Amino acid sequence: MKPLLTNADFQRAATALGCEVAAIKAVAEVEAAGVGFHATGEPKILFERHWFSRLTQGRYDAMAPDLSNPKAGGYKGGLAEHERLARAVKLDRNAALLSASWGKFQIMGFNFKAAGFGNVQAFVNAMYQSEGAQLDAFVAFIKADLRLVAALRANNFTRFASIYNGPGYAKNKYDHKMHTAYRRMRNG
């Protein structure tokens, strides 16, 4: 079993970001259903085929449209996402690792520098270590974008989700889900 986050970990992160613990807990709950790992010990991931297509200039679109496609989708969920990633790694390891979102906070691999790492492999290695390592990456990632810091401090989950999740945030109601989780965490 991988080490899980404690209330002290959340407090440390909230202090570092100048926000409420409930705000960070709300993001964690919505991004990865509250946990950073599967029971098998692998970090939660979501492989994004449209990013893989973009990062490989569509080189694999025709031969593996379930892995490389200009359109988002093709998700299998759960551990099946690791199977998709493993297949993509065989085509282009670096692009595959960059094309997945990782851990409790679902940070995209291509954001490894903003999350405090020198390369995507170091980032991935940290995502396998613990939820604490995933939280540290989240704090670094948020600090790298002052818009995210401001939105989190203001509990402006619409602004936060629009930056953090991109334009699809509204369709997936990330902002509403985070706000609901925040209210529950704050009052519970």
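Residues numbered from 1 in each chain as written. Predicted model: local features only at pLDDT ≥ 70, side-chain atom pairs only at ≥ 80, totals over all residues. Heavy atoms only, no water.

J.: Help me understand helix H7 (residues 131-143) in this model?
T.: Three- or four-residue spacings in an α-helix give side chains the same orientation, since the helix completes a turn every 3.6 residues. When the terminal C-alpha atoms of H7 are compared, their 18 Å separation across 13 residues agrees well with the 18 Å that a helix rising 1.5 Å per residue should span. Among the 13 residues in H7, 10 count as buried, and that is most of the element. Taken residue by residue, H7 has Glu131, Gly132, Ala133, Gln134, Leu135, Ala137, Phe138, Val139, Phe141 and Ile142 as its buried positions. Where H7 is buried, its residues contact helix H1 (7-17), helix H2 (21-32), strand S3 (107-108), helix H6 (120-129), helix H8 (146-153) and helix H9 (157-164). One side-chain oxygen of the residue at the start of H7 lies 3.3 Å from the amide nitrogen of Gly132, identifying that residue as Ser130. (Helix = DSSP H or I, 4+ residues; strand = E, 2+ residues; numbered from the N terminus. Expected span 1.5 Å × (residues − 1). Buried < 20%, exposed > 50% of the residue type's maximum accessible area, 1.4 Å probe, protein only. Contact = heavy atoms within 4.5 Å. Polar contact = N/O pair within 3.5 Å; in protein donor to acceptor, adjacent residues only side chain to side chain.)

J.: Help me out: how do you make sense of the packing of H9 against helix H11 (residues 174-187) in this one?
T.: Packed helix pairs are characterised by how far apart their axes lie and by the angle those axes make with each other. Relative to each other, H9 and H11 sit at 130°, their axes nearing to 8 Å. Accordingly, the angle class assigned to the pair H9 and H11 is oblique. Crossing angle aside, the handedness with which H9 passes H11 is right-handed. For the pair H9 and H11, the contacting residues are Phe157, Thr158, Phe160 and Ala161 in the first and Tyr174, Asp175, Met178, His179 and Tyr182 in the second. The residue inventory of the contact of H9 with H11, partitioned by class, reads six nonpolar, two polar and one charged. (Axes fitted to C-alpha atoms, helices over the stretch in contact; angles between N-to-C directions. Parallel < 35°, antiparallel > 145°, perpendicular 65-115°, else oblique. Left-handed = near helix turned anticlockwise from the far one by under 90°. Nonpolar A, V, L, I, M, F, W, Y, C, P; charged D, E, K, R; others polar.)

J.: So what exactly am I meant to see when it comes to the packing of H2 against H11 here?
T.: Between H2 and H11, the shortest axis-to-axis distance is 8 Å and the interhelical angle comes to 130°. Taken together, the axis directions place H2 and H11 in an arrangement best described as oblique. Read as a crossing pair, H2 and H11 show a hand that is right-handed. Only Tyr174, Lys177, Met178, Ala181, Tyr182, Arg184, Met185 and Arg186 of H11 make contact with H2, whose side of the interface consists of Ala22, Ala23, Lys25, Ala26, Val27, Glu29, Val30 and Glu31. When grouped by side-chain class, the residues that make up the contact of H2 with H11 number 10 nonpolar, no polar and six charged.

J.: Looking at this model, I keep getting lost on the side chain of Ser130. Mind explaining?
T.: Among the secondary structure elements, Ser130 is positioned in the loop between H6 and H7. A polar contact of 3.3 Å, which involves the side chain of Ser130, links it to the backbone nitrogen of Gly132. With sequence-adjacent residues up to four places away left out, Ser130 is seen in contact with Pro3 and Phe37.

J.: Help me understand the sheet that holds strand S2 (residues 100-102), please; the structure alone is not making it clear to me.
T.: What holds strands together in a sheet is hydrogen bonding between their backbones, with the strands either parallel or antiparallel. If you walk across this open sheet you meet the three strands as S1-S2-S3, and the pairing is antiparallel. Among the strands making up the open sheet, the edge pair consists of strand S1 (45-47) and S3. By the bridge criterion, three bridges tie S1 to S2 in an arrangement that is antiparallel. Note on S2: the bridge partner recorded for Ile45 is Trp102. (Pairing = 2+ DSSP bridges.)

J.: Can you walk me through the nonpolar core in this structure?
T.: Soluble, globular proteins show a tendency: their nonpolar side chains are buried together. Membership of the largest hydrophobic core comes to 54 residues, with the highest contact counts inside it found for Ile24, Phe105, Phe138, Ile142, Leu152 and Phe160. Ignoring sequence-local partners within four residues, the contact set of Phe160 consists of Val27, Phe138, Ile142, Leu148, Ala151, Leu152 and Met178. (Core = buried A, V, L, I, M, F, W, Y, C linked by side-chain atoms within 4.5 Å.)

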